[in-house]
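Coordinates in review
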Amino acid sequence: MDIPADKRRHVRYHIPVPVMIIAPTLYDLRLIPEDLSASGFQVVVPVPPALGVDVPCSISVHDREFKGIQAKTVWVAKNELDPSTWIIGLEFILSEENFQKLEAHLREFLGEEN
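Everything in this summary refers to the structure shown in the same document.

What counts, and at which threshold
- Residues numbered from 1 in each chain as written.
- Predicted model: local features only at pLDDT ≥ 70, side-chain atom pairs only at ≥ 80, totals over all residues.
- Heavy atoms only, no water.
- Core = buried A, V, L, I, M, F, W, Y, C linked by side-chain atoms within 4.5 Å.
- Buried < 20%, exposed > 50% of the residue type's maximum accessible area, 1.4 Å probe, protein only.
- Helix = DSSP H or I, 4+ residues; strand = E, 2+ residues; numbered from the N terminus.
- Contact = heavy atoms within 4.5 Å.
- Polar contact = N/O pair within 3.5 Å; in protein donor to acceptor, adjacent residues only side chain to side chain.
- Phe/Tyr/Trp six-rings, centres within 6.5 Å; stacked < 30°, edge-to-face > 60°.
- Salt bridge = Lys/Arg side-chain N within 4 Å of Asp/Glu carboxyl O.

A separate point is the nonpolar core. Of all hydrophobic cores here, the largest spans 25 residues; its most connected members are Leu26, Phe41, Cys57, Ile59, Leu90 and Phe92. Taken together, the elements giving at least two residues each to this core come down to β2 (19-22), β4 (40-45), β5 (54-61), β6 (64-78), β7 (86-93) and α1 (96-110). When near neighbours in sequence (up to four residues on either side) are disregarded, Leu26 contacts Leu31, Val45, Pro49, Val55, Ile88 and Leu90.

Written out as structure tokens, the structure is:
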């Protein structure tokens, strides 16, 4: 499957400060997102998850950790640059209040859309 066309509704951030995703059901080690917004992220993993799978995770941005976040896989694609891995897209499942908090923190440390 090819990486789907960008249908992002929220600001996408380049990541100039340390951002890590902890998602033990996807991978035992911390994941470094290649793409991040307040609505979700893209990471590379060694084993592809099924679509629609709920993924509990936490996100560390700079010195702040957002724990207890739920995400779900919305797309999965073979990594053409490294065929032993998969690129996956996950969408956060957040209340409006938690979405606003996460977005404000991302803007503070990562800037506006870039």
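Mapped onto the secondary structure, Ser58 falls in strand β5. For Ser58, a relative accessible area of 9% puts it in the buried group. A distance of 3.2 Å separates polar atoms of two side chains, one belonging to Ser58 and the other to Glu65. In this structure, Ser58 is in contact with Met20, Ile21, Ile22, Glu65, Phe66 and Lys67, ignoring residues within four places of it in sequence.

Take the packing of aromatic side chains next. One pair of aromatic rings is described through two measures. These are the centre distance and the angle between the planes. Enumeration over the complete set of coordinates arrives at 1 aromatic pair. When the ring of Phe41 is compared with that of Phe92, the centres are 5.4 Å apart and the planes differ by 40 degrees; the resulting orientation is tilted. Residue Phe41 is located in strand β4, and its partner Phe92 is located in strand β7; the two are separated by 51 residues in the primary sequence. Accessibility assignment for this pair places Phe41 and Phe92 in one class, buried.

Under the counting rule described, the total for this entry stands at 2 salt bridges. Residue Glu97 is joined to Lys101 by a salt bridge in which the shortest nitrogen-to-oxygen separation is 3.3 Å. Placement of both Glu97 and Lys101 in helix α1 is noted, with a separation of 4 residues, approximately one turn of the helix. Note on Glu97: relative accessible area 53%, which makes it exposed. For Lys101, a relative accessible area of 42% translates into the label partly exposed. In this structure, Arg107 and Glu103 form a salt bridge, with 3.6 Å as the shortest nitrogen-oxygen distance. A residue pair is termed a helical-turn pair when its members lie 3 or 4 positions apart in one helix, as Arg107 and Glu103 do in helix α1 at 4 residues. The exposure class of Glu103 is buried, given its relative accessible area of 12%.

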